[in-house]
Amino acid sequence: MPIPVMSPIAVRNAVEKLPRVRLAHLPTPLEEVPRFAAKIGGGVRVFIKRDDCTGLLLGGNKARHNEFLLADAVARGCDMLVWGALVQSNNCRQTAAGCAKLGLECRLYLSKAHYKTEPQGNLLLDYLVGAQVEFTNAAIGPELDAFLVARADEFRKEGRKPYVWDRSRVVPLAAVSYALCMAEIAEQTAEQGLKPDALYVSSAGATGAGVVLGKALLGLPYPVRLICPMHWPWHIPTALANDANAAADLLGLPHRLTAADIDADESFIAPGYGLPSRAGREALSLLATTEAILVDPVYTAKALAALIADVRAGKYRQGSTIIFIHTGGVPAIFAEPEKVLPQPLW
């Protein structure tokens, strides 16, 4: 039997079976940025899905994620979260904020890598909402994941009930939230009479898995470009397809994806994860000076740089409509201004 195409309302109804706490300001706007589009050339129209406006401590994509993750923690009777990422993690900042709203203790274990540990940017906000922060040298990925599991085991021995970062459980649940985001986009583009030719988003994880799942559920015809902010020690398209399929399982839906369905571009990561690029700096500056919209220097800036590069390379015909999901991350620009300001000013 052919897999059914779902309406946005049907996608929402499927999601209703999962525990959810309302944390985000939804729906977020879909905003045209004509001065930016004119600056990059190519005669295209660009619209930004403003998920930097989700609220929950200055916005970002993790507000959507946490509606399902923190609901899962509460439903399982947990009294604390054991979480971690890099020092300037947007994920940890919004997770700490969600914990504060729900009365859960938040323990953050932040990988130092190349970051300063002074309380600036996201890290400052972690402290302000009451997260208990410890720094570690564990590398983000499997090493940090194992470290978090070990810490959670120690808390269990003390009688606590921790909710810990567990990739196999957390990523599919978080992905559900971006299938819902795609339902919003489908409605907003229909209302504005738009027929998108492509969609861009920065992700190599749950957000991307949810976006491609939403595209499949809704039968959207346009390509989705996932611009990866990091390399993982696994094949990213395969992992994202598996995560999208696990999210579909959570919803009781038959839709299935394979690695061949996923365009995950790792060519914009240089000079490395968490490090700004020249093209990313240009993208940040172009959007800021034409539309007064800020992107962070290492996630959304690099994804926006990919959009710019594709337009300038003639990938899209004149009159094409491109959607860019702004996943937030703005507090990171305040942590190390030398990484975002034009060099002559610094």
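What counts, and at which threshold
- Residues numbered from 1 in each chain as written.
- Predicted model: local features only at pLDDT ≥ 70, side-chain atom pairs only at ≥ 80, totals over all residues.
- Heavy atoms only, no water.
- Helix = DSSP H or I, 4+ residues; strand = E, 2+ residues; numbered from the N terminus.
- Expected span 1.5 Å × (residues − 1).
- Buried < 20%, exposed > 50% of the residue type's maximum accessible area, 1.4 Å probe, protein only.
- Pairing = 2+ DSSP bridges.
- Axes fitted to C-alpha atoms, helices over the stretch in contact; angles between N-to-C directions.
- Contact = heavy atoms within 4.5 Å.
- 1 Å grid on protein atoms, 1.4 Å probe; cavity = no way out; pocket = protein on both sides within 12 Å on 5 of 7 lines; lining within 4 Å.
- Points joined across faces, edges and corners; volume = space filled by probe spheres on them.
- Nonpolar A, V, L, I, M, F, W, Y, C, P; charged D, E, K, R; others polar.
- Phe/Tyr/Trp six-rings, centres within 6.5 Å; stacked < 30°, edge-to-face > 60°.

Digging into helix H7 (residues 167–191)
With 25 residues, H7 extends 36 Å between its outermost C-alpha atoms, agreeing within 8% with the 36 Å of an ideal straight helix rising 1.5 Å per residue. With 19 of 25 residues buried, H7 lies mostly within the body of the structure.

Describing the sheet that holds strand S3 (residues 80–86)
Read from one edge to the other, the open sheet built from 4 strands follows the order S5-S4-S3-S6, with strand pairing classed as parallel. Looking along the sheet, the strands with just one partner apiece sit at the ends: strand S5 (132–136) and strand S6 (162–164). Between one strand axis and the next, the sheet turns by 25° as a mean value, whatever way the strands run. Where strand S4 (residues 105–111) meets S5, 5 bridges bridge the pair, whose relative direction is parallel. Bridged to Leu-108 within S5 is Val-133. Sitting on the sheet, helix H5 (residues 121–128) touches S4 and S5, and the angle it makes with S5 is about 140°. Contacting S3, S4, S5 and S6, helix H6 (residues 142–157) runs over the sheet at an angle of about 160° to S3.

Remarks on the environment of Leu-341
In this fold, Leu-341 is placed in the segment after strand S10 (321–326). Separated by 56 residues in sequence, Leu-341 and Ser-285 place their C-alpha atoms 8.4 Å apart.

Thoughts on the layout of surface pockets
The space that makes up the largest pocket amounts to roughly 760 Å³. As for the largest pocket, its lining consists of 45 residues, of which Lys-62, Asn-91, Trp-165, Met-230 and Trp-232 are closest to the centre. Secondary structure elements with two or more residues in the lining of the largest pocket: helix H3 (62–75), S3, helix H4 (90–102), H6, H7, helix H8 (206–218) and helix H9 (236–250). Tallied by class, the residues present in the lining of the largest pocket amount to 22 nonpolar, 18 polar and 5 charged.

Some points on the packing of aromatic side chains
Per the stated rule, a full pass over the model turns up 6 aromatic pairs. Arranged with centres 5.5 Å apart and planes meeting at 90°, the rings of Trp-83 and Trp-165 form a pair that is edge-to-face. With Trp-83 in strand S3 and Trp-165 in the loop between S6 and H7, this residue pair connects regions lying 82 residues apart in the sequence. Of the two residues, Trp-83 and Trp-165, neither departs from the other in class, the shared state being buried. On the numbers, 5.6 Å between centres and 70° between planes, the contact of Tyr-109 with Phe-147 is edge-to-face. Here Tyr-109, found in strand S4, pairs with Phe-147, found in helix H6; they are 38 residues apart in sequence, far enough to count as distant. A relative accessible area of 1% means that Tyr-109 is categorised as buried.

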